[in-house]
Amino acid sequence: MQETAKVLVAGASGYLGGYVTKELLRRGINTKILVRNRNKINIHNEKLEIIEAEVTKPETISDLLADVDVVISTVGITRQKDGLRYMNVDYQANANLLSEAQRANVKRFIYVSVLNGEQLRKLKICEAKERFRGELRSSGLDYTIIRSNEFFSDMADFLKMAKGGKVYLFGDGSLKLNPIHGEDLAKVVVDSISQSPKEINIGGPDLLTQNEIAELALKAYAKPIRIIHLPNWIRKGSLWLVRTFTDSKTYGPIEFFLTTMAMDMNTPQYGEIRLETFFYENAT
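J.: Even after reading the chapter, I still don't get the pattern of salt bridges, so can you show me in this structure?
T.: As a working rule, side chains carrying opposite charge can pair if their charged atoms are close by. For the structure shown, the criterion picks out 21 salt bridges. Here Lys-129 ties to Asp-90 by a salt bridge, and the two come within 2.8 Å at their closest N and O atoms. Of the two residues, Lys-129 sits in helix α3 (residues 124–137) while Asp-90 sits in helix α2 (residues 86–103), which places them 39 residues apart along the sequence. Residue Lys-129 shares its accessibility class with Asp-90, and that shared class is buried. Between Arg-108 and Asp-142 there is a salt bridge, with its nearest N and O atoms 2.8 Å apart. Note that Arg-108 is positioned in strand β5 (residues 108–114) and Asp-142 in strand β6 (residues 142–148), a separation of 34 residues in sequence. Judged by relative accessible area, which is 1%, Arg-108 ranks as buried. Through salt bridges with shared partners, a single ionic network connects Glu-118, Glu-130, Arg-133, Arg-147 and Glu-199.

J.: How should I be thinking about the packing of aromatic side chains in this particular structure?
T.: Pairs of aromatic rings are described using the distance from one ring centre to the other and the angle between the two planes. Under the definition given, this model contains 7 aromatic pairs. Relative to Phe-245, the ring of Trp-240 lies with its centre 5.8 Å away and its plane at 85°, an arrangement referred to as edge-to-face. Summarising the burial analysis for this pair, Trp-240 and Phe-245 share the class exposed. Grouped by ring-pair contacts, the aromatic residues Tyr-15, Tyr-19 and Phe-151 constitute a single cluster. The ring centre of Tyr-19 lies 5.8 Å from the NZ or CZ of Lys-22, which sits over that ring.

J.: I'm lost on helix α5 (residues 182–191) in this one. Help?
T.: Because an α-helix completes one turn every 3.6 residues, residues spaced three or four positions apart along the sequence face the same direction. Counted residue by residue, α5 has 7 buried out of 10 residues, so it is predominantly covered. Check the buried side of α5 and you find it contacts α1 (15–26), β4 (70–73), β5, β6 and β9 (199–202).

J.: In this structure, what is going on with the nonpolar core? I would like to understand it.
T.: Note on soluble globular proteins: their nonpolar side chains tend to be buried together. Within the largest apolar cluster, 61 residues are counted, with the highest numbers of intra-cluster contacts made by Leu-34, Leu-65, Val-71, Leu-97, Phe-109, Phe-158 and Phe-279. The biggest single contributor to this core is α2, with 8 residues. Setting aside chain neighbours within four positions, we find Leu-34 in contact with Leu-8, Val-9, Ala-10, Gly-11, Ala-12, Ile-51, Ala-53, Val-55, Ile-61, Leu-64 and Leu-97. Ranked by size, the runner-up nonpolar core spans 30 residues in total, among them Ile-33, Leu-48, Ile-72 and Val-189.

J.: Would you mind going over unusual backbone geometry with me for this structure?
T.: For residues other than glycine, phi is negative in most cases, and the peptide bonds are mostly trans. Despite not being glycine, Asn-116 has its phi angle at roughly 65°, a positive value. By secondary structure assignment, the location of Asn-116 is in the loop between β5 and α3. You can call Asn-116 buried: its relative accessible area is 17%. In the Ramachandran plot, Ala-222 falls in the positive-phi region, its phi being about 55° despite a non-glycine side chain. Relative to the helices and strands, Ala-222 is located in the loop between α6 (210–220) and β11 (227–230).

J.: Would you mind showing me how to read the packing of α2 against α3 here?
T.: Packed helix pairs are characterised by how far apart their axes lie and by the angle those axes make with each other. Where α2 contacts α3, the axes come no closer than 8 Å and their chain directions differ by 15°. With respect to each other, α2 and α3 are oriented roughly parallel. For the pair α2 and α3, the sense of crossing is right-handed. Residues Tyr-86, Met-87, Asp-90, Tyr-91, Asn-94, Ala-95 and Leu-98 of α2 lie in contact with α3, whose contacting residues are Lys-124, Ile-125, Glu-127, Ala-128, Lys-129, Arg-131, Phe-132, Glu-135 and Leu-136.

J.: I keep staring at α1 and nothing clicks. Help me out?
T.: Here α1 contains 12 residues, and its C-alpha end-to-end distance of 17 Å stays within 8% of the 16 Å for a straight helix at 1.5 Å per residue. Listed in full, the buried residues belonging to α1 are Leu-16, Gly-17, Gly-18, Val-20, Thr-21, Glu-23, Leu-24 and Leu-25. Backbone geometry just after α1 places Gly-28 at a positive phi near 75°.

Parameters at a glance
Residues numbered from 1 in each chain as written. Predicted model: local features only at pLDDT ≥ 70, side-chain atom pairs only at ≥ 80, totals over all residues. Heavy atoms only, no water. Salt bridge = Lys/Arg side-chain N within 4 Å of Asp/Glu carboxyl O. Helix = DSSP H or I, 4+ residues; strand = E, 2+ residues; numbered from the N terminus. Buried < 20%, exposed > 50% of the residue type's maximum accessible area, 1.4 Å probe, protein only. Phe/Tyr/Trp six-rings, centres within 6.5 Å; stacked < 30°, edge-to-face > 60°. Lys NZ or Arg CZ within 6 Å of the ring centre and 35° of its normal. Contact = heavy atoms within 4.5 Å. Core = buried A, V, L, I, M, F, W, Y, C linked by side-chain atoms within 4.5 Å. Axes fitted to C-alpha atoms, helices over the stretch in contact; angles between N-to-C directions. Parallel < 35°, antiparallel > 145°, perpendicular 65-115°, else oblique. Left-handed = near helix turned anticlockwise from the far one by under 90°. Expected span 1.5 Å × (residues − 1).

Put into structure tokens, the structure is as follows:
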């Protein structure tokens, strides 16, 4: 199907959606993208069609999938804005897209979610994503759910700390993760157009401890290795404070970060872009 399919990308103006769009076009695939503001897209290609729409508003996507074979959704928010919450975007916007895909008899729906979402369902972001996953699985459409480890862009928090000369970690820093660059992940997403796995867990090529990531970030700024290990009760106390005294649109990203920092996030390794390279490029 891959060579002749017309693919729609929702969330194309985001970090991953941009890479997925470029990968589709690189392979010569006819691509339609949904964006809130077409002026933010600086890609010119004869195989690209840009449509302005808001997937949170189902009336704006009505009939837009009539000629589409495959839908790829990278729709989701990490930093909430415009008063929207996770249920508005990670769940409802994707549910709107799925409903329209069913009506248009789309052949395949590919959804990018988060690693360990089932275990993390108590978190606001994962609650919304897992609710949509349930609807997709029972939709009757052919589908693939890609559970990605954290993006390289999420690792910017390490760089911010390293720039100041110290990196703070909870516990002893021995827990592992293998974050992935959007360019590498985009290849997995596009490959799944013609593959059959219902769910794919994926991460980047380097499986690193939190200590090793901290060291890479400090070295990128040519700083001495200064890693401060905080006791776990501080992490738990911080979680309680943000959940008690702020609402979900404020504490959602903090809740996710503080929770995943206390668990192994290692998954099958893939890709070529190294975290060390990413750190050096962004530090300079």
